[in-house]
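# Close look at the chain arrangement
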Amino acid sequence: MNAELAALTTPSALSSHDLFYVHLDERQCSVTLGFTTQQGHEAFEFFLVFTDVRNVSVDGWGPPGRKKMRLEKAEGVIIASIDAQGSSLNFEAADMAMPRTRSFQAWPPSS
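Just so you know, these numbers come straight off a predicted model, no measurement behind them. (Residues numbered from 1 in each chain as written. Predicted model: local features only at pLDDT ≥ 70, side-chain atom pairs only at ≥ 80, totals over all residues. Heavy atoms only, no water.)

## Things to note about the nonpolar core
Going by this rule: Residue types Ala, Val, Leu, Ile, Met, Phe, Trp, Tyr and Cys, when buried and joined through side-chain atoms within 4.5 Å, form a set referred to as a nonpolar core. With a 1.4 Å probe rolled over the protein chains alone, any residue whose accessible area is under 20% of its type maximum counts as buried; one over 50% counts as exposed, and the rest are partly exposed. To qualify as a helix, a DSSP run of H or I must reach at least 4 residues; to qualify as a strand, a run of E must reach at least 2; elements of each kind are numbered from the N terminus.
In terms of nonpolar packing, the biggest core is built from 20 residues, with Leu33, Phe35, Leu48, Phe50, Leu71 and Phe91 touching the most fellow members. Only strand 2 (30–39), strand 3 (42–51), strand 6 (68–74), strand 7 (77–84), strand 8 (87–93) and strand 9 (95–105) provide two or more residues apiece to this core.

What follows is the structure in C-alpha cells.
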C-alpha cells in the first residue's frame, strides 16, 4: 500500500469525507466507494476499489454524506464496515486500490 493510500484510508480520514458513491459489481466481485471533501472552492475526490469481495451485508442505505467508516486487515483479509443512522454496509475483500483521485474547483457549500 503506498503512502497516499495509507493516509487516506485511515478510519478517521475516511469518516471525515462524504461517501457519495457505492457500486457493488457482482460480475467482478468488487465494491467501489467514492469519497469527496470540500473546503471553500477547493474540492477533492477519490475512489477505492475493493476486489475479490465476499460476505457482503447491506441494511438500508441513506443519502450521500459522512458515514462512520472502519477498515481493518486481519489474516490477509480487509474487513470494511460503513455505518450511518439507519444504514450499514459490511464486506470482506482480498485487496484494495485507489485508481483515481481528482482535485477541482467547486461551488462553496451552502451553510
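Moving on, there is more to tell.
## Concerning the sheet that holds strand 3
We apply this condition: Strands are treated as partners if at least two bridges between them are detected by DSSP.
With antiparallel pairing, the five strands of this open sheet are ordered in space as 5-1-2-3-9. Pairing within the sheet leaves two strands with one partner each, and these edge strands are strand 5 (65–66) and strand 9. Two strands pair when backbone bridges link them, and strand 1 (residues 18–25) and strand 2 are joined in this way by seven bridges, in the antiparallel orientation. Paired with leucine 19 across the two strands is phenylalanine 35, which belongs to strand 2.

## Some details on the pattern of salt bridges
Put simply, the test is: Counted as salt bridges are all cases of a side-chain nitrogen of Lys or Arg within 4 Å of a carboxyl oxygen of Asp or Glu.
By the definition in use, this model includes six salt bridges. Note that glutamate 45 and arginine 102 form a salt bridge whose closest N and O atoms lie 3.0 Å from each other. One end of the pair, glutamate 45, is in strand 3; the other, arginine 102, is in strand 9, and 57 residues separate them in sequence. Judged by relative accessible area, which is 35%, arginine 102 ranks as partly exposed. Glutamate 92 is paired through a salt bridge with arginine 54; the nearest N and O atoms lie 4.0 Å apart.

## Structural notes on the pairing of strand 1
Taken together, strand 1 and the strand that follows it, strand 2, pair antiparallel across an intervening segment of four residues, in which cysteine 29 is found at a positive phi of about 50°. With two bridges joining them, strand 1 and strand 5 adopt antiparallel strand pairing. Looking across to strand 5, one finds that aspartate 18 is bridged to arginine 66.

## Structural notes on the side chain of serine 81
Spelled out, the test is: Here a polar contact is taken to be a pair of N or O atoms separated by no more than 3.5 Å, where protein atoms must pair a possible hydrogen donor with a possible acceptor and residues adjacent in sequence count only if both atoms sit in side chains. Any pair of residues with heavy atoms lying within 4.5 Å of one another is described as a contacting pair.
Relative to the helices and strands, serine 81 is located in strand 7. For serine 81, the side chain forms a polar contact with the side chain of aspartate 83, separated by 3.2 Å. Contact partners of serine 81, with chain neighbours within four places excluded, come to Lys68, Met69, Arg70, Leu89 and Asn90.

## With respect to the sheet that holds strand 8
What counts here: All axes here are fitted lines through C-alpha atoms, helices being fitted over the stretch that makes contact, and every angle between N-to-C directions spans 0 to 180 degrees.
Here we have four strands laid out as an open sheet, ordered 4-8-7-6, and antiparallel in their pairing. Edge positions in the open sheet fall to strand 4 (54–59) and strand 6, since each of these has one partner strand only. Within the sheet, the average angular offset between the axes of one strand and its neighbour, ignoring direction, is 10°. The pairing of strand 6 with strand 7 spans seven bridges and is antiparallel. Of the residues in strand 7, the one forming a bridge with leucine 71 is alanine 80.

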